[in-house]
Structure formats: structure tokens, C-alpha cells
2 protein chains.
Amino acid sequence: MTPFWFTENDLEEIQISYAVDRVLHESESDFQTIKVVESKAYGRMLILDGVAQTTDQDEFVYHEMMAHVPVSYHPNPQKVLIIGGGDGGIVRELLQHDCIQEITLCEIDGKVVDVCKEFFPHHVSGLSHPKVRVHIADGIAYVKELPVSSMDIILVDSSDPIGPGEGLFTAAFYRSVARALKPGGILVAQTESPWLPGAFLKGIADNIRAGFQTLRPYTGPVPTYQRGLWSWTLATNAPADQLVCHKERLEGIKTQYLTPALGQVILDIAPPFYLAKLT
Amino acid sequence: MTPFWFTENDLEEIQISYAVDRVLHESESDFQTIKVVESKAYGRMLILDGVAQTTDQDEFVYHEMMAHVPVSYHPNPQKVLIIGGGDGGIVRELLQHDCIQEITLCEIDGKVVDVCKEFFPHHVSGLSHPKVRVHIADGIAYVKELPVSSMDIILVDSSDPIGPGEGLFTAAFYRSVARALKPGGILVAQTESPWLPGAFLKGIADNIRAGFQTLRPYTGPVPTYQRGLWSWTLATNAPADQLVCHKERLEGIKTQYLTPALGQVILDIAPPFYLAKLT
């Protein structure tokens with residue numbers, strides 16, 4: 001017998017319900033409601049303000065796509081800043097690359113980090129590594145105050161653009177990200193489901209364009225995110241010929257989704273139906 | 001106000017519900033219940049025995065992946081047989097290739113074809129083309145009675161392996177498909193969601209291996225199928241070096257998902273988490 005279902009709404013068009021064996025945690029932080037449940041389909045699931053953020057069983061796709069794509073396309077990645085990402089999954093993946101010397105995680109909600117430390121041991125396994133510094137702070141203010149040209153890669157691992165994540169999708173924010181990146185630096189942001197309405201997706205892309213000349217969207221399957229397909233956008237002001245895949249960086253690491261063969265083409269195979277919505 | 005929701009069950013672990021504006025058709029054939037609804041998220045949706053089969057707005061991914069991958073990997077594709085596929089979507093895509101001379105569609109349920117002719121005009125637009133013959137017949141018997149070495153490509157566009165589709169997932173069926181293919185011929189079958197349990201997916205792969213030496217699974221996003229990611233398996237007894245992409249066949253056609261760049265690598269980028277389940 002299933003005690004109950006956790007239901008997530010998608011634009012009043014779709015509802016997805018997960019059978020839940022038990023609720024492991026429920027609290028209210030200064031920013032959002034936080035819930036951890038044990039789902040039948042995907043194991044433990046972190047839910048913020050009623051929206052599934054990460055699960056034990058499908059998290060690898062999202063975190064591999066956020067971490068390894070920018071690392072493999074940057075000529076010499078050393079210093080990485082993550083905005084959001086309090087579950088630690090991206091940090092864990094970045095630590096597979098010896099070339100990365102310093103990882104800063106700036107998460108607005110310290111309670112998310114604490115809850116993940118308790119319930120998602122695999123996600124957070126890199127947070128105490130000596131290369132990693134965790135700041136509990138507002139990412140928008142943090143990026144604004146960074147010295148000009150101080151990061152090689154900035155990753156925006158935000159929730160959806162309503163609630164605490166909203167300011168991380170604005171033109172002003174992307175401009176200050178561009179300012180904080182070294183010449184040739186790379187931004188990767190999560191940019192929602194390609195199946196969502198074009199006006200919404202184009203709005204996000206236009207805001208990224210306020211800070212960056214080159215946008216290269218890519219996609220991958222995340223079954224617990226809206227409509228099962230997700231997008232990320234790699235953006236840079238680097239010369240166009242810089243964006244080559246250093247495949248060897250993908251060959252030495254352990255992944256379950258992103259292979260070297262996929263990494264090498266990932267920026268060239270975004271689906272036309274999605275790209276058409278962005279212009 | 002939404003009149004109601006259509007809900008689909010996924011292994012008693014997940015339920016997905018679509019807001020429906022109205023029901024356009026409801027009937028019972030000799031094989032299954034048939035329903036057509038107007039959904040808010042994806043437009044018209046064909047539902048057989050309570051499971052979404054195809055929709056106006058996401059159908060292109062599935063049909064492009066079924067049609068264009070085998071056509072581009074076959075050295076000289078001329079005669080194609082489709083088992084199932086009564087909505088006509090694959091036929092429409094195949095007709096983009098001038099090299100294809102004869103398309104036979106063998107659908108068990110004539111009522112599905114009739115309903116699609118009424119409600120899915122874009123899907124069925126190729127069914128009256130002079131290259132196309134439609135047989136309303138049991139695909140298992142049809143393939144068994146085909147002359148040896150009579151087809152270049154056989155496509156199995158079945159529903160899930162319960163109900164009328166069940167026999168299309170057996171070792172005996174795949175052996176008779178292999179027998180009906182010319183030397184170097186290619187099978188593509190839909191092989192369910194990579195996120196489903198390994199024992200289920202391995203069972204399907206093992207049955208295909210009863211007829212074929214070489215299996216090359218590939219994946220793509222279909223939001224109205226379980227967990228948003230789908231798999232297809234290309235199988236052949238051709239020498240390994242035959243399987244090269246004739247990219248030019250993808251360059252002359254209109255698609256919304258499968259680009260030439262993706263087609264060229266599609267057999268090499270199946271995710272490791274999925275491939276691990278098949279062996």
C-alpha cells in the first residue's frame with residue numbers, strides 16, 4: 001500500500017504524481033519550504049516549494065551535464081564558482097578533474113545544504129574537500145562584488161525563475177556574471193525544459209544575450225523535471241574558435257550519462273524545434 | 001476551467017495527468033479501447049487501452065527517430081515494412097526519401113487507421129501515396145508468411161509489451177523478422193524507456209538477440225511516453241563495417257529533431273546507464 005502521492009503541477013496542463021513511501025524531512029527556511037521524501041520511482045527526492053529538485057536515482061544526468069561540459073570546453077579551467085547548487089552534486093562531479101584548483105559554492109539557503117548533508121550523502125560527498133569553499137549568501141550580490149575577471153567558469157544551478165531563483169535569470173545578473181569571468185570564461189546556466197512555451201524560453205535566452213555574445217544551448221533527459229527533457233546554455237565572450245572539446249578530460253572520469261563521444265558533439269546537436277524557439 | 005484530466009499509470013510508481021479540453025472520440029475495437037482527446041499540453045492525443053500513443057505536438061521526435069535512422073544507416077534502402085504504426089507518422093517521414101520505392105504498413109487494428117484518418121490529418125498524410133500499401137492484418141503472421149529475404153528495412157512500431165503488442169517483443173517474432181530481411185537488412189524496434197527496470201529492458205534486448213548479431217540502441221526525448229526518454233534498437237546481421245551513416249540522406253529532408261549532425265553519431269551516444277541494463 002502506498003501511503004500517498006506527491007503531486008507537482010506543470011503550467012496547469014500536466015500533473016505528475018510520485019508514489020511516496022515516507023516523508024523524511026519537512027521544514028520551512030527563510031526562503032522556501034523544504035521536503036525530503038522516499039519515492040518509489042527514484043529513491044530520495046528533494047522538494048523545494050513543491051517542485052522536485054534532485055533525486056538519488058536520476059541526479060547524475062543533471063550534474064554531469066552542468067559540470068563536465070564547461071570543463072571540457074574551457075582551454076584551462078582552474079577556478080569555478082557555482083551559484084545555487086546547495087545539494088553539492090556539481091561539486092562532486094567537478095572534483096573528478098585534477099585541473100580544477102578551486103571551487104566556490106554560493107548557496108542562498110544554508111538549510112538546503114544542511115538537509116542535503118543529512119539525507120543525500122552521495123550528493124554532498126565533495127563539500128568537505130580542501131579545494132571547496134561554501135558560502136551561504138545571495139548569489140546576485142556575491143557575483144556583483146567579485147573582482148573583475150576572477151573566475152574561469154561560473155555555473156548557475158538555480159531553481160525555476162519564480163521564488164528565490166528569479167533574480168538569477170535577469171539580464172543584470174548575466175551582465176555581472178560576464179564581468180566576473182576572466183577573458184575566455186564560460187557560463188553554464190540551467191535554462192528549463194525545451195518543451196515549454198517559446199516566449200518563456202526566448203525570454204531567458206535574451207537575458208543571457210545581454211551579457212554574452214555566444215550562446216550554445218544543449219539538452220539532456222531528466223525524468224523528474226518538467227516534460228523529461230532539460231536544457232542548459234553554455235555562454236561565452238571567447239573567440240568562436242576557442243570552443244573545442246578537450247575530450248581527454250572526459251576520458252579520465254566516471255559518468256553514467258555523458259560519454260566522451262557525446263561530450264564532443266553536445267553543443268552541435270541541440271534539437272531544431274528547441275533552437276527555433278530561442279530566436 | 002478544465003473539464004477533466006486524463007491520467008496514465010506508470011508501474012504504480014508514477015501517475016501523469018493531462019488536462020483535457022474535450023474528448024473527440026471514444027470506441028472499442030476488436031483489440032483495444034480507442035480514445036482521442038484534445039489536451040492542453042500537446043494538442044490531440046491518441047490513447048489506446050489507457051496509454052498515450054501519439055500527440056500532435058511531440059510526435060515528430062518518435063517518427064523521425066523510427067524512420068530516418070535506419071534509412072540513413074542502410075546501404076541501399078528500397079523496400080520498407082512497418083509493423084503497427086497505424087497512425088501513419090512513420091510512413092509520412094519515410095516518403096521524404098526518394099530512394100524508398102515501396103512502403104508496406106501492416107497494422108492489426110483497422111479502426112486505429114480509420115480514427116487517425118479522421119483526427120490526425122498530418123500523421124496520415126502519406127497513407128494514400130502510390131508507394132504505400134496498407135494491410136490490416138496480424139503483423140506476426142504477416143512477417144512469418146513473407147518470402148525469405150524480401151525487405152530492406154522492417155520497423156516495429158508497437159504499443160507496450162502488454163495487450164495487442166505483446167507478441168511483437170518475442171524471440172520467435174524477431175527470428176522471423178531476421179528471416180524476412182534481405183542480407184544486410186535492418187530492423188528498428190521501439191524498445192521502451194531507458195529509465196524502466198533493467199530486467200524488463202534486458203528481456204527485450206535478449207529476445208532481439210535471438211534473431212540478430214548486432215544491436216545498436218539509441219535514445220531520444222518523447223515527453224508523453226514513460227519518464228520522457230525513449231529507446232529504439234537498430235538490429236542487423238550485416239557485417240559491422242556496413243553500419244555507416246549516409247549523412248546526405250538526412251541533409252535533404254525536413255525534420256524538427258533529428259539533424260544530420262545527430263544522425264551521424266546517434267548509434268554511438270546511447271547513455272551508459274541504459275546500456276549497462278542490457279547486458
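In this text the structure is predicted, and so the values were computed from the model without any measurement.

Cut-offs and rules
Residues numbered from 1 in each chain as written. Chains lettered and ligands numbered in written order. Predicted model: local features only at pLDDT ≥ 70, side-chain atom pairs only at ≥ 80, totals over all residues. Least-squares fit on C-alpha atoms with pLDDT ≥ 70 in both. Contact = placed C-beta atoms within 7 Å. Domains from an automatic or database assignment. Nonpolar A, V, L, I, M, F, W, Y, C, P; charged D, E, K, R; others polar. Helix = DSSP H or I, 4+ residues; strand = E, 2+ residues; numbered from the N terminus. Pairing = 2+ DSSP bridges. Axes fitted to C-alpha atoms, helices over the stretch in contact; angles between N-to-C directions. Expected span 1.5 Å × (residues − 1). Bend = angle between axes of the 7 residues up to and from the residue. Buried ≥ 20, exposed ≤ 12 C-beta atoms within 10 Å, placed from the backbone. Core = buried A, V, L, I, M, F, W, Y, C linked by C-beta atoms within 7 Å.

### Some remarks on the relation of the copies chain B and chain A
Okay, step 1: Mapping chain B onto chain A leaves a residual RMSD of 0.0 Å; the transformation is a rotation of 180 degrees accompanied by 0.0 Å of translation along its axis. Interpreted geometrically, this transformation is the action of a two-fold axis.
Okay, step 2: Both copies share a contact surface, since 100% of the interface residues of chain B are interface residues in chain A too.

### Quick notes on the domain arrangement of chain A
All names here are of chain A.
Okay, step 1: Domain boundaries in chain A define domain 1 (4-52) and domain 2 (59-278).
Okay, step 2: Each of domain 1 and domain 2 has a C-alpha centre, and these two points are 23 Å apart.
Okay, step 3: Residue-level contacts link 16 residues of domain 1 with 15 residues of domain 2.
Okay, step 4: For the side of domain 1 that touches domain 2, the residue count by class is nine nonpolar, four polar and three charged.

### Observations regarding the interface of chain B and chain A
Okay, step 1: Residue-level contacts link 29 residues of chain B with 29 residues of chain A.
Okay, step 2: Elements that contribute at least two residues to the side of chain B that touches chain A include exactly strand S2 (14-28), helix H8 (260-265) and helix H9 (272-275) of chain B.
Okay, step 3: In terms of residues, the side of chain B that touches chain A owes the most to one element, S2(B), which gives six residues.
Okay, step 4: Looking at side-chain class alone, the side of chain B that touches chain A contains 18 nonpolar, six polar and five charged residues.
Okay, step 5: For strand S2 (residues 14-28) of chain A and S2(B), the ladder comprises five bridges, and the chain directions are antiparallel.

### Concerning the sheet that holds strand S8 (residues 132-136) of chain B
Residues and elements named next belong to chain B.
Okay, step 1: Spatially, S8-S7-S6-S9-S10-S12-S11 is the arrangement adopted by the seven strands of the open sheet, whose pairing is mixed. Strands at the two margins of the open sheet, each flanked by one partner only, are S8 and strand S11 (214-221). Strand-to-strand twist in this sheet, taken as the mean axis angle between neighbours without regard to direction, amounts to 15 degrees.
Okay, step 2: Of the strand pairs in this sheet, strand S6 (residues 79-84) and strand S7 (residues 102-107) are connected by five bridges, and their pairing is parallel. By the bridge assignment for S7, Ile-83 is matched with Cys-106.
Okay, step 3: Contacting strand S9 (151-157), strand S10 (181-190), S11 and strand S12 (229-236), helix H1 (residues 59-73) runs over the sheet at an angle of about 20 degrees to S12.

### A word on helix H1 (residues 59-73) of chain A
Side chains of residues three or four places apart in an α-helix project in the same direction, reflecting 3.6 residues per turn.
All names here are of chain A.
Okay, step 1: Its 15 residues give H1 an end-to-end C-alpha distance of 22 Å, which sits within 8% of 21 Å, the value for a rise of 1.5 Å per residue.
Okay, step 2: Taking the largest bend as the criterion, H1 deviates by roughly 25 degrees, centred on Met-65.
Okay, step 3: A large share of H1 lies buried, amounting to 15 of its 15 residues.

### Examining the nonpolar core
Okay, step 1: If you look at the biggest cluster of nonpolar residues, it comprises 160 residues, and the most contacted ones within it are A:Ile82, A:Ile154, A:Leu187, B:Ile82, B:Ile154 and B:Leu187.
Okay, step 2: Those residues in contact with B:Ile82, other than ones at most four positions away along the chain, are B:Ile90, B:Val91, B:Ile103, B:Leu105, B:Cys106, B:Leu155 and B:Asp157.

### Observations regarding the pairing of strand S4 (residues 43-48) of chain B
All names here are of chain B.
Okay, step 1: For S4, a buried count of five out of six residues is recorded, marking the element as mostly surrounded by other parts of the structure.
Okay, step 2: As consecutive antiparallel partners, strand S3 (residues 33-39) and S4 are separated by three residues.
Okay, step 3: Summarising the sheet, S4 and strand S5 (residues 51-55) pair through four bridges and their orientation is antiparallel. Across the sheet, residue Leu-46 finds its bridge partner in S5, namely Thr-54.
Okay, step 4: With antiparallel pairing between neighbouring strands as the criterion, S4 and S5 make up a hairpin whose turn holds two residues, including Asp-49 at a positive phi of roughly 50 degrees.

### Quick notes on the environment of B:Gln78
All names here are of chain B.
Okay, step 1: On the secondary structure map, Gln-78 appears in the loop between H1 and S6.
Okay, step 2: On the basis of neighbour count, Gln-78 is assigned to the partly exposed category, with 14 C-beta atoms found within 10 Å.
Okay, step 3: Sequence spacing of Gln-78 and Asp-152 is 74 residues, and the spatial spacing of their C-alpha atoms is 6.4 Å.
Okay, step 4: Ignoring sequence-local partners within four residues, the contact set of Gln-78 consists of Cys-99, Ile-100, Gln-101, Glu-102 and Asp-152.

### Considering the sheet that holds strand S12 (residues 229-236) of chain A
All names here are of chain A.
Okay, step 1: Strand order in the open sheet formed by seven strands is S8-S7-S6-S9-S10-S12-S11, with mixed pairing between adjacent strands. Each of the sheet's edge strands pairs with one partner strand only, and the pair in question is strand S8 (132-136) and strand S11 (214-221). Looking at each pair of strands side by side, their axes are set apart by 15 degrees on average, direction ignored.

### Quick look at unusual backbone geometry
Residue and element names in this part refer to chain A.
Okay, step 1: One non-glycine residue with positive phi stands out, namely Glu-12, at about 55 degrees.
Okay, step 2: Note that Glu-12 resides in the loop between strand S1 (4-10) and S2.
Okay, step 3: For Glu-12, a count of 10 C-beta atoms within 10 Å translates into the label exposed.
Okay, step 4: With a phi close to 70 degrees, Glu-192 is a non-glycine residue in the positive phi region.
Okay, step 5: Here Glu-192 lies in the loop between strand S10 (181-190) and helix H6 (198-209).
Okay, step 6: Residue Glu-192 is classed as buried on the basis of its 20 C-beta neighbours within 10 Å.

### Quick look at the environment of B:Tyr142
Residues and elements named next belong to chain B.
Okay, step 1: Looking at where Tyr-142 falls in the secondary structure, it is placed in helix H4 (residues 139-145).
Okay, step 2: Given 17 C-beta atoms within a 10 Å radius, Tyr-142 is considered partly exposed.
Okay, step 3: Separated by 35 residues in sequence, Tyr-142 and Glu-107 place their C-alpha atoms 10.0 Å apart.
Okay, step 4: Those residues in contact with Tyr-142 that lie beyond four places of it in its chain are Cys-106, His-135 and Ala-137.

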